[in-house]
Amino acid sequence: MVANFSAAIFAFFLFTALLANFTSAQLHKLSLPESDVDLLEFPLNLEYLEAEFFLWGSLGHGLDKEVPQLAEGGPAPIGGRKANLDPLINDVVLQFAYQEVGHLRAIKKTVKGFPRPQLDISAAHFAKIVDEAFEFKLNPPFDPYANGVNYLIASYIIPYVGLTGYVGASPKLQSAKAKRLVAGLLGVESAQDAVIRGLLYERAGQKVLPYNITVAEFTSRISNLRNKLGKRGVKDEGLVVPLAEGPERKTHGNVIAGDMNSVAYDRTPTQILRIVYGTGNESIPGGFYPKGADGHIARYYRH
């Protein structure tokens, strides 16, 4: 009897010691299906990108100064700098920046995640995207940090991609915990996209200086490029569309993108990688991620 009791006590303390070796993030991970872990981990790539772009644009510095523990020692972004923004746009972008910090924290409380990947948010990279969208080189090169309108156009390039990713992930999630988190993230990402589109829609007919090209044309070209890179038909629409593509086919205005029933479009991780890499190939890194995105899904396509 004494021997059995002693063995039970030993087993209890052994279990307690083993449990103590797990981090809280690992315990969270064990409580989720592996597929949910992968689908929650993947968006960290986009959240890192948005956080850095909005922090640099509004404050002139990024995670390394603001919340270095969230970067986990990942390499500093390439080319971030303070944008020349008016007080209103700067205030909106600053709010977005802190929202993205919260998104990083929320995801990392649920899954272990990974350090910030190498990001390229340089003016040269945005200029390359815009040149590809127009299929000719703009002169002078497009500079996202030059003024508020340019920065809003550059912002149009990023958050919407993550939004469609959350829509695509939602039906694949198994656990209530993962579904709740993605629903919450999607709600805020959708609102950010709506604010960006709304501010741009106010300026839809305005010429982007020094180019003889309207804001609406910029958004249409960028959306068309993302559709082309994603290789899965129309998942993206500009601010002004043909009547046949507008809500209920009754308006050219398209302040919020959606399908024929005004339901948000979805994208898979594969389609997102093709777009953010800028290569049209989920296995060939580039674009915003010169060394590739991180996480199980992204690493799978690189091998």
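Residues numbered from 1 in each chain as written. Predicted model: local features only at pLDDT ≥ 70, side-chain atom pairs only at ≥ 80, totals over all residues. Heavy atoms only, no water.

The name an unreviewed UniProt entry assigns to the protein is Desiccation-related protein PCC13-62, from the organism Rhynchospora pubera.

Q: Now, about the pattern of salt bridges: what can you tell me, with residues and values included?
A: When charged atoms on two side chains of opposite charge get close, those side chains can pair. Enumeration over the complete set of coordinates arrives at 11 salt bridges. The salt bridge involving Lys235 is made with Asp266; its shortest N-O contact spans 3.1 Å. Highlighted residues: Lys235 in the loop between helix 12 (215-230) and helix 13 (269-277) and Asp266 in the loop between helix 12 and helix 13, separated in sequence by 31 residues. Given the relative accessible area of 15%, Lys235 is considered buried. (Salt bridge = Lys/Arg side-chain N within 4 Å of Asp/Glu carboxyl O. Helix = DSSP H or I, 4+ residues; strand = E, 2+ residues; numbered from the N terminus. Buried < 20%, exposed > 50% of the residue type's maximum accessible area, 1.4 Å probe, protein only.)

Q: Outline empty space enclosed by the protein, supporting the account with residue identities and numerical values.
A: Counting across every chain of the model gives 2 cavities of 30 Å³ or more. Estimated volume of the largest cavity: approximately 130 Å³. Considering the residues around the largest cavity, the lining is formed by 14 residues, among which Phe42, Pro43, Gly165, Tyr166 and Ile272 are closest to the centre. Those elements giving two or more residues to the lining of the largest cavity turn out to be helix 10 (159-169) and helix 13. (1 Å grid on protein atoms, 1.4 Å probe; cavity = no way out; pocket = protein on both sides within 12 Å on 5 of 7 lines; lining within 4 Å. Points joined across faces, edges and corners; volume = space filled by probe spheres on them.)

Q: Break down the side chain of Arg226 for me, citing the residues and quoting the values.
A: Looking at the secondary structure, you find Arg226 in helix 12. Of note is the side chain of Arg226, whose polar atom sits 2.9 Å from the backbone oxygen of Tyr156. When neighbours within four sequence positions are excluded, Arg226 is seen to be in contact with Tyr156, Ile157, Ile158, Tyr160, Val161, Asp236, Arg267 and Ile275. (Polar contact = N/O pair within 3.5 Å; in protein donor to acceptor, adjacent residues only side chain to side chain. Contact = heavy atoms within 4.5 Å.)

Q: Could you give me a rundown of unusual backbone geometry, with the residues and numbers involved?
A: The omega angle of the peptide bond from Asn139 to Pro140 is 0°, so this bond is cis rather than trans. As for its position among the elements, Pro140 is in the loop between helix 8 (123-134) and helix 9 (148-157). The residue after Leu209, namely Pro210, is reached through a cis peptide bond having omega 5°. Locating Pro210 in the fold gives a position in the loop between strand 1 (207-208) and strand 2 (213-214). Not every positive phi belongs to a glycine, and Glu72 is a case in point at roughly 55°. With respect to the helices and strands, the residue Glu72 is situated in the loop between helix 6 (68-71) and helix 7 (87-110). Even without glycine at this site, Ser262 takes up a positive phi of about 60°. Inspection of the secondary structure puts Ser262 in the loop between helix 12 and helix 13.

Q: Give a description of the packing of helix 8 against helix 12 that names residues and reports values.
A: Contact pair helix 8 / helix 12: the axes reach a minimum separation of 8 Å and the direction vectors enclose 90°. The angle between helix 8 and helix 12 places the two elements in the roughly perpendicular class. Contact with helix 8, carried on its side by Ile129, Val130, Glu132, Ala133 and Phe134, involves Glu217, Phe218, Arg221, Ile222 and Leu225 of helix 12 and no other residues of that element. (Axes fitted to C-alpha atoms, helices over the stretch in contact; angles between N-to-C directions. Parallel < 35°, antiparallel > 145°, perpendicular 65-115°, else oblique.)

Q: Account for the packing of aromatic side chains, naming residues and giving values.
A: This structure, assessed with the given rule, holds 14 aromatic pairs. Look at Phe134 and Phe136: their rings are 5.8 Å apart centre to centre, the planes differ by 55°, and that puts the pair in the tilted class. Look at Tyr277 and Tyr289: their rings are 6.4 Å apart centre to centre, the planes differ by 65°, and that puts the pair in the edge-to-face class. Here Tyr289 lies in the loop between helix 13 and helix 14 (296-302) and Tyr277 lies in helix 13, a separation of 12 residues in the sequence. For Tyr277, a relative accessible area of 1% corresponds to the buried category. Overall, the relative accessible area of 0% leaves Tyr289 in the buried class. (Phe/Tyr/Trp six-rings, centres within 6.5 Å; stacked < 30°, edge-to-face > 60°.)

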